[in-house]
Amino acid sequence: MEREALYDSILDRSKRITWQDDCYVDLQSASSSAASQAETKDHHWIQKHQDLLQRFCTTSFLEVMLAHLRKVDAVSPGEETKIRAATRMHDQVNVLTTVVTGKGAQSSDALRCFIESSDSLVAQLIINHDAMVKEHKEVLLRRYEQSRDRDSVSCPKLSVCSRTLLLVDGLSDIQQKEHDLMQVGATRGRKRNHLRQLGLTKLLEPLTRVSLPPRVSLTVGVAGIGKTTWVRHFVRQWSQGALCADVSFVLPFAFCELNSVEKVSAEKLVKLAFPHLTDPGVVLNSSCRTLLILDGLDEFRCAANFSDAAPCSDPKKEVSIDDLVTNIIRGNLLPDAAVWVTCRPGVASLIPGGLVDRVTEIPGFSPQDIRLFLDHHFSERDLASRIWAHLESHKILMVMCYIPSVCWIVADTLVYIMRSETDESLPRTFTELYAHFCSMKSEAGEPRGREPVKVEQLHGSNRKLLGNLGRLAFYGLLKRKYTFSEQDLRAYGVDLLLGQGSLGAGVLVREELAICTTYRFTHLTLQEFLAATFYHVSSKRAIFDLFSESTMSWPKIGFQNHFRSAFQHSQQAEDGHLDVFVRFLAGLLSPAALKPLAGLLAVGKDEGNQKAFAAGFLQGLLVSGGAVVSLRAVNLAYCLHELQHAELLRSVEEDLQLGSLAGKLTRAHCVVLGYLLHVSPECSEQTNLTGSLNYATVKCLLPQLLYCSYLRLENNHFKDDVMELLGSLLSAKDCHIQKMSLAENNIGNKGAKALSRALLANRTLTSLNLRNNNIGSKGTKFLAEALKMNQVLVSINFQNNAIEEEGAQALAEVLHCNRKLVSLNIRKNTIGAGGAKRIAEALKTNRTLTKLILCSNQLGDKGAIALAEALAVNHTLLSLQLQSNSISNKGMTALTKALRLNRGLVSLNLRENSIGVEGAKDMARALHENNCLQELDLTANLLHDEGVQAIAGAIKFNRGLTSLHLQWNFIKSSATKALAHALLSNGTMQLLDLQENAIGNEGVIFLAEALKTNASLRTLCLQGVSASTSGAIAMAEALTTNRTLQTLDLRGNTVGMEGAKALANALKINRSLKSLNLQENSLGMDGAIFIATALKGNHQLTYINLQGNGIGESGAKVISDAIRASASGCVVDI
C-alpha cells in the first residue's frame, strides 16, 4: 500500500514541474490544450480553404480523397454514402467538410494532410490560389500604376471611369474597309443608332439571364481612341478588386511585345511575361477562370491566318507565335479561358465572325466632350474659347478631335501658337497643324537659358533626326508597321539618346513592356505626316522609286513623277491606308504649311510651280475614274483642301446650299459633294438634291449618301429603277439616314416594293416623305407589310398617291400592330368613308399615333362619325386634320360629342367643310367641357354671326384653347363684338384669325378695346376685313397700352395715310410688336414715311411689309434704306 501510495504521489507530482517563482505548468492540461489547438488549427484550415475546395474540386479528385479518408478511417461507409448522395459538387464538398470537422482533429488532419501532400493541379489550386492571385495583383498594379498619369485626363467626366463601351452588332462596311480617319470623317464621329452601352464591369458577363458569358470579346476603335488606356484601366481596377471578382487571373499581353517572340508554348509565354507565376499550368487550368487580354492586334507583325493555322491544343507545346494566337482565339488552345482582343476596326475584320461572341466599340469625343476637354485642359478660359471658336469655323479639325489623341495634339498646338506672341494665323488644315506641332516639339527639346539663335541654328540639330524619323515612318507605313524596336530605330539612324532628348521625345513614345521595350509615334497621323515630309524632301533628289526601299527598281526622276507615283499607290490601296499620307503630301506644297518647318526641311524655290502642278493633277484625277464615287476619289478632294486649292470645293458647297446643283453634277462635282458630306455638318444634316439627280448620278453618289442625316430627293422624276438603288442604300449596315424626302417623283408600286424591302432591314430611317407619287393601293400594301415589322420609322407621308380605300385598309392593319408610328399623312387619297372607318377602328386600340392627316379624302359625315367613335376612347391622338371632307352639321355633332369625352386631342382642323350654325353651337357646348383642345381651325365654313357668337360664349370660360381660326365665315361686327367681349375674360387665347370677314371698322374697334385689357393674345390676323382709317386709329391707340401682341396683320384694308400716321405714333411707344403687315393699304409715300420715321425709336420690330401701297420704285428704295438705317435688324418687304 505504501509503495502504491508512493507511486501515486510520484505520478501526482510528475504532473507539476517546479518553474520560476513557484509557477507550475500542468502537463496534462498542456497536452490537452495542444491537442485542442491542433484541432482548431485544422478546423481553421478547412474553413479557410472551403470556398476553394468547392470551387476547384473535381469528381476524380473527390473520389481519390474519399478513398484516402476511408482508408485512414476518417470517414465511415455511411458517411461516404451521405456525401455521395448530395447532387452537386458544391453540396458534396459541404457535406464532406461538415462530416470531417465534426469528427475531431484526426479526421480534419487527415483531410488537410492529403491535400497538402497531393501533387495534383486541383490540390495546388486549393493550397496556393489565393496567395498566387494576391501576388499577381500586386505585380500588375505596380506595373500599370506607372501609366496612370498618362491615362488620366483633367476632366473626370471624360476619364475611362466615367465612360462606357458601345455594344455593336458586328463591324460596318466602312470600318472593315477604310482608313481610320476616313471612317471618322465619313461618319463625323457619330455613334451608330440603337447602340447599347456596356460598362467595363459587365464586359465578361452574360447579357441576359439565359445567355452565356462571352468567351471571345472584341473591342474595336480607331487609332488613338484609347484602346490600351481602357485595357490598363481594366487591369488596375481588377487588381484592386473593383470588378470581375470571379476571375482568378488576368494576363494582359500587348501584340507589340509578342512581335519579339518567334516560337513559344502558352505556358512558357505566361512565364516569360509574368515570372512570378512559377507554375503556369495552375494559372491556365480549366478549373481556374482566367482572362487573356490581347491588346492591339493591328500591331501584330504576323498576319493571323485563321484558315491555315496548324491546330494546337497542348499548352506545353511550342508553336509559332501567330499559330499560338490563332489557336487561342479559335478555342483549340485554352478553351476555358476568356479572351479579350482589342484592335483597330480594319484588322478586326480578319477574325472570323463566328469566333467572336461579343463586339464592343470605344466611343470618341462628341462636340460637347471636346468643349469640356478644352475648358478643363486649359486654365485660361479665353484660350479654351478661342480654340473652340477656331474648331467651330474649321469643321474638319473639329471632326478629327473625335479621337482623344488627336484632340490633345490639336489643342496643345493651337495653344502653342497663341502663346508664341507672333502674328501667326491659326492653321486651317491638318498639314499646317502638324507642321506647327513638329516645330513646337523641336523647340521644346532645345536647352533653355542660352542666347537667342537663328531659326536655322535652332532646328539644325533636328533636321537629320527629322529625316531619319520620316524614313522610319514612311517604310513602317508601307509595311503596316506601327511599333518599333530599338534595333529598328538604330537601323534607320535614329539615335536613342537624341530621340529621347529633342524632337524624338515629342513624336516618339517609349513603352517598357514585360517582354521587351518598344517605340511608337504619338499617333498614327503623326507617323503619316512624318512619312510625307520624308517623301516630299526625298522625291526632289531620288532617282529610284521611293516605294521600293532597295534601289532595285525602275529609275524615276523628278518630283512630279514621284508625286504621281504616290497617288497611284494610294488609289490602288483598297483599304485606303495611304489616304492620309497623300493628304499630307499634297498639303506640304502649301507655303502656309511649309513655313513652320523652315530650317527642318529643305524647301526649294519652285514650291509655287509644284502647287499649281499638284492642283491640276488632282483635278484631273477627279474627272477620271469609275462610274461610282469611291472613298479613294473623295480623298482627292481632301487633298485639294490640304493643298489649300479650294475654288471647286467652295463652288459646289454654295450650289448645294442654294439648291442650284441641277445640271451641274459632273463626276468632279459628285466627288466634291461626297467630300462636303464628310466635312460640313450643314451639308450632311440637310442634303438638298431637289431636281438635281437622275439614275446615273444617284448610282455615282450612292456610297456617299449613306452618311447624310436628312436627304431631300424631291422632284427628280425618279422611277422604280432608282428605288432599287435607294433601297440598297437604306439596307446598308452603314446607313445613317434619318429622314428622306422622295416627294414629287414618279415612284410606282414596284418602287414601293423595293422601298418596303429596305424598310425591313433599315434601322435608322425615322421619317419618309412619299408625297405626290404614283404608289397606289398595291404599293401601299407592300409598304404596309414592311411597316408591320419596322420598329424605327415614326413618320410617313402618303399624300396624293391614290391609295384609295384598299390602301387605307392596309395602313389600318399597320396601326393595329405597329407601336412606333407617330405621324401618318394620307391627305388627298380618296379613301372615302370606308377607308376612314378602317382607320377609325384601328385607332380604338392604337396607343402610339399622335398625328393623323386625312384632309381631302371625301370622308363625309359617315367618315366623321366613325372617327368620332374612335376619339371617344382614344386619348393618345394629339392632332387630327379633316380639312376639305364635306363634313356637315351631322358629322360635327358626332365629333363634338366625342370631344366632351376625349382628353388627349390638342389640335383639330375642320377647314373648308360645310359646318353651319348648329355645328358651331355643338362645338361651343364641347368647349364648355373640354379644356384639352388648344388649336381649332374652322376656316371657310358657314358659321355666320350666330355660330361664332355661340363659340365666343364658350371662350369666356374655356381655359385650353390657344389658337382659333375663323377666316371666311361670313362674320360681321356683332359676332366680333362677342369675341372681343370674350377676350376680356379669356387668359389663354394667343392667336385669333378673322381674315376675310366683313367685320368693318366697328369690329376692329371692338377688338382694339379688348386689346387694352387682354394680356394673352400674341397674333391677330385682320387681312381683308374692310377696315379703314378709323379702325386703324383705334388699333393704334390699343397698341400704346398693349404689351403682349407680337404680330398684327392688316393686309388688304384701307388704312390710308392717317391710319399709318396713327400706327407710326403707336410704334414709337409700343415695345412688344415684332411683325406688322400693312401690304395693300393705300398708305402712299407719306404714310410709308410716317412708318419709316417711327422705327427710329422702335427696337422690337423684326418684320414689316409695305408692299402694294403706291410708293413707287424710287420711293421704296428711299424708305427701305431709311428703315434699315434706323432699324438694322428689321426685315423690310416693300
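In this text the structure is predicted, and so the values were computed from the model without any measurement.

Asks: How should the overall build of the chain be read in this particular structure?
Replies: Regarding its fold elements, the chain presents 50 helices and 31 strands. What you see for the chain is a C-alpha radius of gyration of 41 Å, clearly larger than the 32 Å of a compact globule of 1134 residues, by over 25%. Taken over the C-alpha atoms alone, the chain extends approximately 145 × 95 × 70 Å along its principal axes. Taking all 1134 residues of the chain together, the buried fraction comes to 56%. By sequence separation, contacts in the chain at least 24 residues apart represent 79% of the contacts at least 6 residues apart. Counting only carbon and sulfur atoms, one obtains 51% of the accessible surface of the chain, whose full area is about 47400 Å². The averaged location of the 113 negative side-chain charges in the chain is 4 Å from the averaged location of its 120 positive side-chain charges.

Asks: Is there a simple way to think about the sheet that holds strand β13 (residues 508-512) in this case?
Replies: By way of backbone hydrogen bonds, the strands of a sheet pair with one another, either parallel or antiparallel. Spatially, 3 strands are ordered β12-β14-β13 in an open sheet, and the strand pairing comes out antiparallel. Each having just a single partner strand, β12 (483-484) and β13 make up the two edges of the open sheet.

Asks: Explain unusual backbone geometry to me, please; I cannot follow it from the model alone.
Replies: As a rule of thumb, non-glycine residues mostly have phi less than zero, and peptide bonds are mostly trans rather than cis. Although it is not a glycine, Glu744 adopts a positive phi angle of roughly 60°. One can find Glu744 in the loop between β17 (739-741) and α37 (749-761). Judged by its relative accessible area of 32%, Glu744 is partly exposed. In this structure, Asn800 is a non-glycine residue whose phi angle is positive, near 55°. Within the fold, Asn800 resides in the loop between β19 (795-797) and α39 (804-817).

Asks: Sorry, what's going on with the pattern of salt bridges here?
Replies: If the charged atoms of two oppositely charged side chains come close together, the side chains can form a pair. The final tally for this structure, using the stated rule, is 41 salt bridges. Ionic pairing is found between Glu262 and Arg301, a salt bridge with its closest N-O pair at 3.6 Å. Taken together, the positions of Glu262 in the loop between α12 (255-258) and β7 (263-264) and Arg301 in the loop between β8 (290-295) and β9 (319-320) put the pair 39 residues apart, joining distant regions of the chain. Take Arg301: its relative accessible area is 41%, and that puts it in the partly exposed class. Its salt-bridge partner being Arg1051, residue Asp1049 comes within 2.7 Å of it at the nearest N-O pair. Among the residues examined, Asp1049 registers a relative accessible area of 7% and is labelled buried. For Arg1051, a relative accessible area of 25% puts it in the partly exposed group.

Asks: Hey, could you run me through the packing of helix α32 (residues 647-658) against helix α33 (residues 667-679) in this one?
Replies: The axes of two packed helices give the description: the angle between them and the distance between them. Two elements in contact, α32 and α33, have axes separated by 9 Å at closest approach and are oriented at 80°. In terms of orientation, α32 lies roughly perpendicular with respect to α33. Where α32 abuts α33, its residues Leu648, Leu649, Val652, Glu653 and Leu656 lie against Ala668, His669, Val672, Leu673, Tyr675 and Leu676. Of the residues belonging to the contact of α32 with α33, the class tally is 9 nonpolar, 1 polar and 1 charged.

Asks: Whenever I open this one, the side chain of Asn1105 confuses me. Can you help?
Replies: Along the polypeptide, Asn1105 turns up in strand β30 (residues 1103-1105). There is a polar contact of 3.2 Å between the side chain of Asn1105 and the side chain of Gln1079. Within the structure, the side chain of Asn1105 is placed 3.1 Å from the side chain of Tyr1103, a separation counted as a polar contact. Excluding its chain neighbours within four sequence positions, the residues that come into contact with Asn1105 are Leu1076, Asn1077, Leu1078, Gln1079 and Asp1133.

Asks: Can you walk me through the packing of aromatic side chains in this structure?
Replies: The way to describe two aromatic rings as a pair is by their centre distance and the angle between their planes. A full pass over the atoms with the stated rule returns 27 aromatic pairs. Taking the centre distance of 5.5 Å and the plane angle of 70° together, the rings of Phe253 and Phe274 count as edge-to-face. Taken together, the residues span a long stretch of sequence, with Phe253 in strand β6 (residues 249-254) and Phe274 in the loop between α13 (266-273) and α14 (280-283) at a distance of 21 residues. For the pair Phe253 and Phe274, one class covers both residues: buried. Linked through ring pairs, Phe474, Tyr475, Phe534, Tyr535, Phe547 and Phe581 together constitute an aromatic cluster. Looking at Arg583, its charged tip hangs above the ring of Tyr638, at a distance of 3.7 Å from the centre. The ring of Tyr710 is capped by Lys739, whose NZ or CZ atom sits 4.4 Å from the centre of that ring.

Asks: Can you walk me through the environment of Ala435 in this structure?
Replies: For Ala435, the position within the fold is in helix α21 (residues 430-444). Given a relative accessible area of 0%, Ala435 falls into the buried group. When residues no more than four places from it in sequence are discounted, the contact partners of Ala435 are Phe529, Ala593, Pro596 and Leu597.

Asks: Help me out: how do you make sense of the sheet that holds strand β3 (residues 165-168) in this one?
Replies: Taken in spatial order, the 7 strands line up as β4-β3-β11-β5-β10-β8-β6 in an open sheet, and their pairing is mixed. Of all the strands in the sheet, the pair left with one neighbour each is β4 (196-198) and β6. Pairs of neighbouring strands in the sheet enclose a mean axial angle of 25°, with direction left out of account. Examined bridge by bridge, β6 and β8 share 6 bridges and lie parallel to one another. Across the sheet, residue Phe249 finds its bridge partner in β8, namely Thr290. Along the sheet, helix α11 (residues 227-239) makes contact with β3, β5 (216-220), β6, β8 and β10 (338-343), crossing β8 at roughly 155°.

Asks: Would you take a moment to explain helix α47 (residues 1029-1039) for this structure?
Replies: Listing the buried residues of α47 in full gives Gly1031, Ala1032, Ala1034, Met1035, Ala1036, Ala1038 and Leu1039. Residues of α47 that are buried in the fold lie against α46 (1000-1011), β27 (1019-1021), β28 (1047-1049) and α48 (1056-1069).

Asks: Would you mind showing me how to read the confidence of the model for the chain here?
Replies: If pLDDT is low for a region, its predicted coordinates should not be looked at in detail. Looking at the chain as a whole, the pLDDT averages 88, with 92% of positions reaching at least 70. In this model residues 1-32 is a low-confidence stretch, pLDDT under 50, and it forms 16 contacts with partners more than four residues away in sequence or in other chains. In the predicted structure, residues 446-455 sits below a pLDDT of 50 and forms 7 contacts with residues beyond four places in sequence or in another chain.

Asks: In this structure, what is going on with the environment of Asn462? I would like to understand it.
Replies: Examined against the element boundaries, Asn462 turns out to sit in helix α22 (residues 455-478). For Asn462, a relative accessible area of 0% gives the class buried. In this structure, the C-alpha to C-alpha distance between Asn462 and Leu503, residues 41 residues apart in sequence, is 6.5 Å.

Asks: Is there a simple way to think about helix α50 (residues 1113-1126) in this case?
Replies: Residue pairs spaced three or four apart in an α-helix point in one direction, given the helix's 3.6 residues per turn. Taking 1.5 Å per residue, 14 residues should reach 20 Å; α50 reaches 20 Å between its end C-alpha atoms and fits that length. Listing the buried residues of α50 in full gives Gly1115, Ala1116, Ile1119, Ser1120, Ile1123 and Ser1126. Taken down its axis, α50 places every buried residue within 140° of arc, on the same side. Away from its buried face by more than 90 degrees, α50 exposes Glu1113, Ser1114, Lys1117, Val1118 and Ala1125.

Asks: What am I meant to see in the side chain of Asn1070 here?
Replies: Assignment of secondary structure puts Asn1070 in the loop between α48 and β29 (1075-1077). For Asn1070, a relative accessible area of 0% gives the class buried. A polar contact of 2.8 Å, which involves the side chain of Asn1070, links it to the backbone nitrogen of Ser1072.

Definitions and limits used
Residues numbered from 1 in each chain as written. Predicted model: local features only at pLDDT ≥ 70, side-chain atom pairs only at ≥ 80, totals over all residues. Heavy atoms only, no water. Helix = DSSP H or I, 4+ residues; strand = E, 2+ residues; numbered from the N terminus. Rg over C-alpha atoms; globule rule 2.2 N^0.38 Å. Buried < 20%, exposed > 50% of the residue type's maximum accessible area, 1.4 Å probe, protein only. Contact = heavy atoms within 4.5 Å. Areas by Shrake-Rupley, 256 points an atom, 1.4 Å probe, with all protein chains shown as cover. Lys, Arg positive; Asp, Glu negative; His and termini not counted. Charge placed at Lys NZ, Arg CZ, Asp CG, Glu CD. Pairing = 2+ DSSP bridges. Salt bridge = Lys/Arg side-chain N within 4 Å of Asp/Glu carboxyl O. Axes fitted to C-alpha atoms, helices over the stretch in contact; angles between N-to-C directions. Parallel < 35°, antiparallel > 145°, perpendicular 65-115°, else oblique. Nonpolar A, V, L, I, M, F, W, Y, C, P; charged D, E, K, R; others polar. Polar contact = N/O pair within 3.5 Å; in protein donor to acceptor, adjacent residues only side chain to side chain. Phe/Tyr/Trp six-rings, centres within 6.5 Å; stacked < 30°, edge-to-face > 60°. Lys NZ or Arg CZ within 6 Å of the ring centre and 35° of its normal. pLDDT = per-residue confidence, 0-100. Expected span 1.5 Å × (residues − 1). Arc of directions from axis to C-beta.

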